[in-house]
Amino acid sequence: MSRVNFGAKPWLYPMPVLIIATYDENGVPNAMNAAWGIITDMNEISISMADHKTTENMAKTGAFTVSMATADTVTASDYVGIESAKKVPDKFAKAGFHATRSEFVNAPLIDELPMALECKVKSFDNGILVGEIVNINADEAILTDGHIDTAKLKPISYDPVNNAYLVLGEKVGNAFKDGLKLK
């Protein structure tokens, strides 16, 4: 095997494409695209992000939702990442998104995105947002036998090397089972 060194880069696979949604002080929904996020505990998500209209909104409401961007929503999901709500206050609507108020937190669920984590802000320090997951919400259309079906959800990941979005897909193994063969 021959290896090539690239230096320090923010490259990791897969990088989920996370759409973070909030309400502003007037109840207007906003959304942004963030790729640097990960589950950090059983009911906790951490996302690296700079100062945005979204972070201003979270400071006021103490809440946000995190939806999985999907293959069906690539254009809208990318748009909310490249446009600022500070410049285009109606970017949520311009993306073609529609909001339904979460039952659990003061933040919008995006109707076009079929899965969301409903979160309370735990902290936002040094550019790292930590949220407490209080509920997972999923459209029945993406369920099979009462479980989220990845093939129906069609979540996308960000390829930072090629600036591309990739759809997740094929099952290649069974977690907590296949490794037992080596015991």
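The structure reproduced in this document is the subject of the present report. Values in this document were obtained by computation on a predicted structure and should not be read as measured data.

For the protein chain, the count of helices and strands is four helices and 14 strands. For the protein chain, the C-alpha radius of gyration of 17 Å lies close to 16 Å, the compact-globule estimate for 183 residues. For the protein chain, buried positions account for 38% of its 183 residues. Restricting the contact set of the protein chain to residue pairs at least 6 apart, pairs at least 24 apart contribute 57%. A total of about 11,000 Å² of accessible surface is found on the protein chain, and carbon and sulfur atoms cover 54% of it.

A few words on the environment of Phe 64. Along the polypeptide, Phe 64 turns up in strand β6 (residues 63-68). Residue Phe 64 is classed as buried on the basis of its relative accessible area, which comes to 0%. Each C-alpha atom, one on Phe 64 and one on Leu 117, is 8.5 Å from the other, the two residues being 53 residues apart in sequence.

Both strand β5 (residues 44-48) and strand β10 (residues 128-138) contribute to a ladder of five bridges, which runs antiparallel. Pairing of Ser 46 across the sheet is with Val 130, part of β10. In this sheet, β10 lies alongside strand β9 (residues 115-125) in antiparallel orientation, the contact comprising ten bridges. Considered in β10, the bridge of Val 121 is made with Gly 131. Following β9, the chain reverses through two residues before pairing antiparallel with β10; Asn 126 in that reversal takes a positive phi of roughly 50 degrees.

Counting residues in each nonpolar core, the largest one holds 18 residues, and the members touching the most others are Ile 20, Ile 45, Ile 47, Phe 64, Val 66 and Leu 117. Going through the elements one at a time, β2 (18-23), β3 (29-34), β5, β6, β9 and β10 are the ones with two or more residues in this core. Within the second largest apolar cluster, 15 residues are counted, among which are Ile 19, Ala 31, Tyr 79 and Ile 110.

Turning our eyes to something else, we now look at the sheet that holds β2. Spatial strand order, β3-β2-β6-β9-β10-β5-β4: seven strands in an open sheet with antiparallel pairing. The open sheet has two edge strands with one neighbour each: β3 and β4 (37-41). Shown here is a sheet whose adjacent strand axes are inclined to one another by a mean of 35 degrees, direction ignored. Helix α1 (residues 53-61) contacts β2, β3, β6, β9 and β10 of the sheet and is inclined by roughly 50 degrees relative to β2.

Another aspect to go through is the pairing of β3. For a regular strand, the rule is simple: side chains alternate between the two faces of the sheet. With five of six residues buried, β3 lies mostly within the body of the structure. The pairing of β2 with β3 spans six bridges and is antiparallel. Residue Tyr 23 lies in a different strand from β3, and its bridge partner there is Pro 29. Joining the antiparallel neighbours β2 and β3 is a turn of five residues, in which Gly 27 adopts a positive phi near 80 degrees.

How each quantity is defined
- Residues numbered from 1 in each chain as written.
- Predicted model: local features only at pLDDT ≥ 70, side-chain atom pairs only at ≥ 80, totals over all residues.
- Heavy atoms only, no water.
- Helix = DSSP H or I, 4+ residues; strand = E, 2+ residues; numbered from the N terminus.
- Rg over C-alpha atoms; globule rule 2.2 N^0.38 Å.
- Buried < 20%, exposed > 50% of the residue type's maximum accessible area, 1.4 Å probe, protein only.
- Contact = heavy atoms within 4.5 Å.
- Areas by Shrake-Rupley, 256 points an atom, 1.4 Å probe, with all protein chains shown as cover.
- Pairing = 2+ DSSP bridges.
- Core = buried A, V, L, I, M, F, W, Y, C linked by side-chain atoms within 4.5 Å.
- Axes fitted to C-alpha atoms, helices over the stretch in contact; angles between N-to-C directions.

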